[in-house]
Amino acid sequence: MVDLLFSLEGVVFEAAWQRRHMSESDGIHLNFISKEDLITAKKLAGRPQDLLDVDKLMLPVRSADEFQGPGSNVEPRAQDHTDTIETDDGIDFDF
């Protein structure tokens, strides 16, 4: 699922824009909210799923090697593209 958000309670756009994470996929520039701002917004929303998300977001990030264990020869699995949305200007997003 992709959430397109135009405002978030407790998050000031100008400050969040400075903290954003930038990426590119197939020549399309993408901007993502920072982990810190996402956690703030989810805490303020206070919905049960948001609070569960906060708990998961607060967990330490583990590398693929840590997750798979030492000596593992398992390659990280490529993300399956299971759904596509198309914007009004004809751009497809797979997720």
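Cut-off values and rules
- Residues numbered from 1 in each chain as written.
- Predicted model: local features only at pLDDT ≥ 70, side-chain atom pairs only at ≥ 80, totals over all residues.
- Heavy atoms only, no water.
- Salt bridge = Lys/Arg side-chain N within 4 Å of Asp/Glu carboxyl O.
- Buried < 20%, exposed > 50% of the residue type's maximum accessible area, 1.4 Å probe, protein only.
- Axes fitted to C-alpha atoms, helices over the stretch in contact; angles between N-to-C directions.
- Helix = DSSP H or I, 4+ residues; strand = E, 2+ residues; numbered from the N terminus.
- Parallel < 35°, antiparallel > 145°, perpendicular 65-115°, else oblique.
- Left-handed = near helix turned anticlockwise from the far one by under 90°.
- Contact = heavy atoms within 4.5 Å.
- Nonpolar A, V, L, I, M, F, W, Y, C, P; charged D, E, K, R; others polar.

Q: So what exactly am I meant to see when it comes to the pattern of salt bridges here?
A: Pairing between side chains of opposite charge can happen when the charged atoms of each approach one another. In the structure shown here, the tally under the stated rule is four salt bridges. With its nearest N and O atoms 2.9 Å apart, the salt bridge here joins Lys42 to Asp50. By relative accessible area, which is 15% here, Lys42 ends up buried. Take Asp50: its relative accessible area is 7%, and that puts it in the buried class. In this structure, the salt-bridge partner of Arg47 is Asp50, at a minimum N-O distance of 2.7 Å. Salt bridges here are not isolated pairs; linked through shared partners, they connect Lys42, Arg47, Asp50 and Asp53.

Q: Even after reading the chapter, I still don't get the packing of helix α2 (residues 35-45) against helix α3 (residues 48-57), so can you show me in this structure?
A: When two helices pack together, their arrangement is given by the angle between the helix axes and by the axis-to-axis distance. Where α2 contacts α3, the axes come no closer than 8 Å and their chain directions differ by 150°. As the angle between them shows, α2 and α3 are arranged roughly antiparallel. Crossing handedness for the pair α2 and α3: left-handed. Residue-level contacts link Lys35, Leu38, Ile39, Lys42, Lys43 and Ala45 of α2 to Asp50, Leu51, Asp53, Val54 and Leu57 of α3. Tallied by class, residues from the contact of α2 with α3 come to six nonpolar, no polar and five charged.

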